[in-house]
Amino acid sequence: MKRFLLRLILIIILIPTNLYSQVNDSAILADPPPKLLSEYGFFLNTKDQITVPGVLPYELITSLFSDYADKHRFVYVPKGKIAAYQKNSVFSFPVGSVLIKTFSYEPINDQRSERHLIETRLLIRKDSGWDALTYVWDEEGQEASLALAGKTVKANYISNDGRQLDIRYRVPNKNQCKECHLENESIVPIGPKPRNLNRDYSYLEGTMNQLEKWMSIKFIDAYPEKINSVVDFMDSSKPINDRARAYLDINCGHCHAPEGSASNSGLYLDLLETREKQLGVFKGPVATGRGSGGLDYSIVPGHPDESILLYRMISDAPDIMMPESGRSVMHKEAVDIIYQWIEEMQ
Amino acid sequence: MRILLIIGLFLFNSFDAVSKVIIVPPSENAQEQIQEAMILAESGDEIQLTNGVYQIEDGLSLDIDNVTITGSGHQNTVLDFSNQMTGAQGLMITSDGITLKDFAIINTKGDAIKAKGSDDISFLNIRTEWTNGPNASNGAYGLYPVESKNVLIDGCIAIGASDAGIYVGQSENIIVKNSVAEYNVAGIEIENSYFADVKNNIARYNTGGILVFDLPDLPQQGGHHVRVFDNLITDNNTDNFAPEGNIVGEVPRGTGIIIMANSDVEVFNNDISDNGTLNIAIVSYSDPNQESDENYYPYPKSIQIHGNRFGASGFNPDTDKELAGILYELSEGNMPDIFWDGVLPISQMILGQPEDEKIRLKNNGEASFLAIRPLRYLLSFPNPIDRDQSQYSRKIESLKPVLINSSE
């Protein structure tokens, strides 16, 4: 609530001076892309990640784990254009649209009073398809610079249960963006599918379902009446199978799909996959090396300790851990859920 | 800015653009410079690494078509990943028309060089090595093209991989030649692949020399048309150091060649000797705990072995491994040069195997042979083995040489 008030006050202060602030559409489609994030004009205030009108914040129901970084997501659709609904997929955004995601670590009591901004990733819909760019923030959190080759940033985090983690945060290079975002030969967004957007968001003007909101401001042309949404994997009131599948879908399913980077593994973890073998049940490892951990199958129902899938989620060794990039520490909360899921599996 | 840009006069075939040579010498920032060069390169460009050792902490990747990366020799230009912090590979290639030439990648945490979905990829005089010798903590693969097409591996050296030194998986149109694979679990492995020539290589001091495998539950199955010829496959007696759970973990120490569940494999004019368990095994795939994959054919067929020179084998069989253990027992310690597990679809075990699918053996000198008669073996009948190879002496139907569409 305090944060909300702060935002409101900030916006009231900032609006007069930025009344005409708007997104720079030509920067979005510039080739080569702008060196500085400020050239796009997305943000009124960088530290608080307050955006200009037309750049709409959103949240996913269950999101990809990135070393406990907080994520601030925004979507921009150019005026007069609209994104088209596609079944079981991300909306088809018009050229000039941008998905914006800032990664940060929140203040730590006594240790860091300010939010630590790390990077802002852009997925830009160009004529030729989606382009992935990442901008790394300076120490003051005032400006972010294009980092095509990626970067290593030291960060720290204290978890809810008091674990203090020193994180060697890797800003992905352009190729690593593709590693996860590639479907067949093209880059595609992962998160904003209707099934993962179908939740409420506290907009300044009040709480509203995100899809309704997007519809009301003509960002999208339609969304299905009945949506088989993922559940929030941390919501303990939901069935364990739904929670586990939601987590695996958004964290693994983009590579572990017949069109994804891990196609050659034959292990498919997309929410729509229903075949047990492809989901890993009694599926042997392939070209796994030390990743198998001496275990015979991806999932042995009832035996999480004998399941390669869990073993690779626990590990932080580069050649064993999954996902291959984007994580350097274990996601304990997720490991607990996958453990329970496999343990209760018949 | 320590990267030197030299605008070359090379005109890249269909492009009118002038291609660049980007030279990156070793330095503190070399890792970032190499990665940036691999991202900013344009079709036709060459990235040159110079003499020296490059310390690399994070996996590198290339996704631009028609790029060449060269060093000044696999002993002189070394990318050292001993302190690697991230990345499941040393170098990952995901684009087409790539040539890697004259450098070494050593001590990666995972695989040394992986190429996924690459069409026209050449590895020339590349060395991949784990320098502390055979060790379960070494990365899995040295040279690792997968789901790729038109793969050329020529003059390469692969040492110390805890799975396969040279591993080509789910690919087609493959030539592996003039290369050396040693101190790996598997020296050279061709898996779930179509049209491969493996010729004039040396596979020595591995656990198993050359493996031609097909495995179930994968996007590309039905491995076929593999020619293994003019190779020296010798002294593959290193203890199996693969992490458990991997299929190569089953390979007995001292194996020359294993052909598993492939069709149309021709093994000829090789020197195969001093492999302590046996020189050649032809086997089916089975996993009692797995449900069968109806699109998978687990039996080898149309395997031809001819004109090979066999030396000593069977002198120190690795009987802890199931394959060698059973064979040792059945052969009463008299291990053959060539072994076939005899397993066929039930109908064929009863009614006989189609003529053109039968094993063909010819001109293998004094090589000994043993096949299991699985029905007799399973029912504990007498004479569960057959050492007579005369029935398999048939006309050889040579497979066509493999052609690859390379920019070379």
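Quick notes on the rules
Residues numbered from 1 in each chain as written. Chains lettered and ligands numbered in written order. Predicted model: local features only at pLDDT ≥ 70, side-chain atom pairs only at ≥ 80, totals over all residues. Contact = placed C-beta atoms within 7 Å. Helix = DSSP H or I, 4+ residues; strand = E, 2+ residues; numbered from the N terminus. Nonpolar A, V, L, I, M, F, W, Y, C, P; charged D, E, K, R; others polar. pLDDT = per-residue confidence, 0-100. Pairing = 2+ DSSP bridges. Domains from an automatic or database assignment. Core = buried A, V, L, I, M, F, W, Y, C linked by C-beta atoms within 7 Å. Buried ≥ 20, exposed ≤ 12 C-beta atoms within 10 Å, placed from the backbone. Axes fitted to C-alpha atoms, helices over the stretch in contact; angles between N-to-C directions.

Peer 1: Mind showing me how you'd approach the interface of chain A and chain B here?
Peer 2: Reports of interface size often rely on the accessible area that becomes lost once the parts have come together. With 35 residues of chain A at the interface, the matching set in chain B holds 36 residues. When residues of the side of chain A that touches chain B are traced back to their parent elements, those giving at least two are β10 (164-171) and α3 (174-181) of chain A. For the side of chain A that touches chain B, the element with the highest residue contribution is α3(A), accounting for four residues. When grouped by side-chain class, the residues that make up the side of chain A that touches chain B number 10 nonpolar, 15 polar and 10 charged.

Peer 1: Explanation requested: the confidence of the model for chain B in the structure shown.
Peer 2: Interpreting fine coordinate detail is not advised for predicted regions of low pLDDT. Residue and element names in this part refer to chain B. Per-residue confidence for chain B gives a mean pLDDT of 92; residues scoring 70 or more make up 94%. Note on residues 1-16: pLDDT under 50 across the span, and 27 contacts to partners over four residues away in sequence or across chains. In the predicted complex, the global pTM is 0.87; the interface-specific ipTM is 0.79.

Peer 1: Is there a simple way to explain the sheet that holds strand β11 (residues 111-116) of chain B in this structure?
Peer 2: Each strand in a sheet pairs with its neighbour through backbone hydrogen bonds, running either in the same direction (parallel) or in the opposite one (antiparallel). All names here are of chain B. The strand order β5-β8-β11-β14-β17-β20-β23-β26-β29-β32-β34-β35 describes an open sheet built from 12 strands, whose pairing is mixed. Looking along the sheet, the strands with just one partner apiece sit at the ends: β5 (58-62) and β35 (385-386). Across three bridges, strand β29 (residues 278-283) lies against strand β32 (residues 338-340) in parallel orientation. Following the sheet pairing, Ile280 is matched in β32 by Ile338.

Peer 1: Mind showing me how you'd approach the domain arrangement of chain B here?
Peer 2: All names here are of chain B. Partitioning chain B into structural domains gives domain 1 (1-129) and domain 2 (131-139 + 156-402). Taking only C-alpha atoms into account, the centre of domain 1 sits 34 Å from that of domain 2. Contacts between the two partners involve 14 residues from domain 1, matched on the other side by seven residues from domain 2. Contributing elements (two or more residues each) for the side of domain 1 that touches domain 2: β11 and β13 (127-129). A breakdown of the residues in the side of domain 1 that touches domain 2 according to their chemical character gives four nonpolar, six polar and four charged.

Peer 1: Got a minute to help me understand the nonpolar core in this structure?
Peer 2: The nonpolar side chains of soluble globular proteins are, as a tendency, buried together. Residue and element names in this part refer to chain B. Formed by 116 residues in total, the largest nonpolar core has its most connected members in Leu143, Ile166, Ile257, Ile280, Ile282 and Phe339. Considering each element in turn, this core owes the most residues, five residues, to β29. Each of domain 1 (1-129) and domain 2 (131-139 + 156-402) gives at least three residues to this core. Here Ile166 is in contact with Gly142, Leu143, Ile153, Cys156, Ala158, Val176, Ser179, Ala181 and Ile188, once residues within four sequence places are set aside.

Peer 1: I would appreciate a short explanation of the pairing of strand β3 (residues 46-49) of chain B in the present structure.
Peer 2: Both faces of the sheet carry side chains from a regular strand, because those side chains alternate between them. Residue and element names in this part refer to chain B. Burial along β3 is two-sided: the residues Glu46 and Gln48 and Ile47 and Leu49 are all buried. Relative to β3, strand β2 (residues 18-24) is paired through four bridges, and the arrangement is parallel. Residue pairing across strands places Val24 opposite Leu49, the latter belonging to β3. The pairing of β3 with strand β6 (residues 68-70) spans three bridges and is classified as parallel. What sits directly across from Ile47, in β6, is Ile69.

Peer 1: How should the sheet that holds strand β4 (residues 70-76) of chain A be read in this particular structure?
Peer 2: Residues and elements named next belong to chain A. Taken together, six strands build an open sheet; the order of strands is β3-β4-β5-β6-β7-β8 and the sheet is antiparallel. Two strands bound the open sheet, and with one partner strand each, they are β3 (55-58) and β8 (144-146). Taken over all neighbouring pairs, the strand axes of this sheet differ in orientation by 25° on average, direction set aside. Both β4 and strand β5 (residues 98-105) contribute to a ladder of seven bridges, which runs antiparallel.

Peer 1: I tried to follow the pairing of strand β6 (residues 116-126) of chain A on my own but got confused; where do I start?
Peer 2: Residue and element names in this part refer to chain A. Here β6 lies mainly inside the structure; nine of its 11 residues are buried. Across eight bridges, the pairing between β5 and β6 is antiparallel. Bridged to Ser104 within β6 is Leu117. As defined by bridge partners, β6 adjoins strand β7 (residues 129-137) across eight bridges and the pair is classed as antiparallel. Looking at the pairing, Leu123 lines up with Ala132 of β7.

Peer 1: I keep staring at α3(A) and nothing clicks. Help me out?
Peer 2: Residue pairs three or four apart in sequence face the same way in an α-helix, which turns once every 3.6 residues. In terms of burial, α3(A) is a largely internal element, seven of the eight residues being buried. Within the span of α3(A), buried status applies to Lys174(A), Asn175(A), Gln176(A), Cys177(A), Glu179(A), Cys180(A) and His181(A). In this structure, the buried residues of α3(A) make contact with β7, β11 (182-183) and β12 (186-187) of chain A together with α1 (30-40) and β5 of chain B.

Peer 1: Can you walk me through the environment of Gly133(B) in this structure?
Peer 2: Residues and elements named next belong to chain B. Along the chain, Gly133 falls in the loop between β13 and β14 (141-146). Accessibility expressed as a C-beta count within 10 Å gives 12 for Gly133, which makes it exposed. In sequence terms Gly133 and Ala161 are 28 residues apart; their C-alpha atoms lie 8.8 Å from each other. Among residues more than four places away in sequence, those in contact with Gly133 are Gly160 and Tyr183.

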